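Chains, contacts and geometry: an overview
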Amino acid sequence: MYKKETDMLVDKMKLVVDRLEKLVSSNDVFAKLRLGIAYYDGENTKQDYAKAFELVHEVANEGNSIAQFIIGECYYLGRGVKKSIDEAVKWYTLASDNGNTYAQNVLAGIYMRNNDEQKAFELYKKSAEGGYSLSQYQLGLIYMKKQDYSNAVKQFISACESGNIDAEYELGLCYYR
C-alpha cells in the first residue's frame, strides 16, 4: 500500500514539472522562476543547478528580486556556474536594491566579513526594518558592540517576536546584566 501511495505522489510531482515546462515554453515568467527553483532545490524533479541558473537568470534580468537573490546564491556557492564572489555581490546588490531582505542580510554578512562595518550596518538595518529577524538579531549584536543597549534591546525584542532563539538568549543576557 505504501509503495502505491509513493508512486502516485511521484506521478503527481512529475505532472507539476511537466505543466511548468509547458508554461515556460509559452514564456510564462512565474513558471520560469518556479521551475528554476524546483531544479535548484531538487523539488519534484532531479536537482540540476545549471538548468536552474539558466531559467532563473532570465527572470533575474527582468528585475525580479527573488530571482536576483538566487542568481547571487548560484555565484556565491558555485552552483550551475563558476563561483564568483564579485558576481554574487553584484546580484545580491540588485536584489537588495529591489527590497529583498534576505539579499540585504547576506550582503551585510559579506561586508561584515570584509571589515566594512558601516555598509554592513546599513544593510542589516534596512533588512531589519523589512522585518527579517536574522537581521534584527545581527543589528542587535552591532548595537551591543557599540554599547547602544537601548537599540540593541529593541532589535532583540523584534527578533524574538519572530521566534529567533539566538535573540531570546541575547535579550536574556541584556536583562541579566
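Here, every reference points to the structure presented above.
Residues numbered from 1 in each chain as written. Predicted model: local features only at pLDDT ≥ 70, side-chain atom pairs only at ≥ 80, totals over all residues. Heavy atoms only, no water.

1. Overview of the packing of aromatic side chains
Under the definition given, this model contains eight aromatic pairs. Geometrically, the ring pair formed by Tyr76 and Tyr92 is tilted, given 6.2 Å between the ring centres and 55° between the ring planes. Placement of Tyr76 in helix α4 (residues 65-77) and of Tyr92 in helix α5 (residues 85-97) is noted, with a sequence separation of 16 residues between them. What makes Tyr76 partly exposed here is its relative accessible area of 23%. The exposure class assigned to Tyr92 is buried, which follows from its relative accessible area of 0%. Note on Tyr102 and Tyr132: the rings are 4.7 Å apart at their centroids and 70° apart in plane angle, and the pair reads as edge-to-face. On the criterion of sequence distance, the pair formed by Tyr102 in helix α6 (residues 101-113) and Tyr132 in the loop between α7 (117-129) and α8 (133-145) is long-range, its members being 30 residues apart. (Phe/Tyr/Trp six-rings, centres within 6.5 Å; stacked < 30°, edge-to-face > 60°. Helix = DSSP H or I, 4+ residues; strand = E, 2+ residues; numbered from the N terminus. Buried < 20%, exposed > 50% of the residue type's maximum accessible area, 1.4 Å probe, protein only.)

2. A word on the packing of helix α3 (residues 49-61) against α4
It is at 8 Å that the axes of α3 and α4 come closest, and there the two elements cross at 135°. One way to sum up the angle between α3 and α4 is to call them oblique. Crossing angle aside, the handedness with which α3 passes α4 is left-handed. Of α4, the residues touching α3 (which contributes Phe53, Val56, His57, Val59 and Ala60) are Ala67, Gln68, Ile70, Ile71, Cys74 and Tyr75. (Axes fitted to C-alpha atoms, helices over the stretch in contact; angles between N-to-C directions. Parallel < 35°, antiparallel > 145°, perpendicular 65-115°, else oblique. Left-handed = near helix turned anticlockwise from the far one by under 90°. Contact = heavy atoms within 4.5 Å.)

3. Some points on helix α9 (residues 149-161)
Between the first and last C-alpha of α9 there are 18 Å, a value that for 13 residues agrees with the 18 Å anticipated at 1.5 Å per step. Burial in α9 covers these residues: Ala152, Val153, Gln155, Phe156, Ala159 and Cys160. The buried residues of α9 occupy one face: seen down the axis, they fall within an arc of 165°. On its buried side, α9 packs onto α7, α8 and α10 (165-176). Immediately beyond the C-terminal end of α9, within one or two residues, lies Gly163, with a positive phi of roughly 90°. (Expected span 1.5 Å × (residues − 1). Arc of directions from axis to C-beta.)

4. As for the pattern of salt bridges
Pairing is possible between side chains that carry opposite charge, provided their charged atoms lie close to one another. Taken as a whole, this structure holds four salt bridges when the rule is applied. Linking Glu58 and Lys32 is a salt bridge whose minimum nitrogen-to-oxygen distance equals 2.6 Å. Remark: Lys32 occurs in helix α2 (residues 29-41) and Glu58 occurs in helix α3; sequence separation between them is 26 residues. With relative accessibility at 6%, the residue Lys32 sits in the buried group. (Salt bridge = Lys/Arg side-chain N within 4 Å of Asp/Glu carboxyl O.)

5. Comments concerning unusual backbone geometry
Backbone geometry places Asn27, a non-glycine residue, at a positive phi of 70°. Here Asn27 is to be found in the loop between α1 (2-25) and α2. The phi dihedral of Gln147 is positive, around 60°, even though this residue is not glycine. By the secondary structure assignment, Gln147 is in the loop between α8 and α9. Residue Gln147 is classed as exposed on the basis of its relative accessible area, which comes to 58%.

Functional significance is not addressed by these values, which are geometric in nature.
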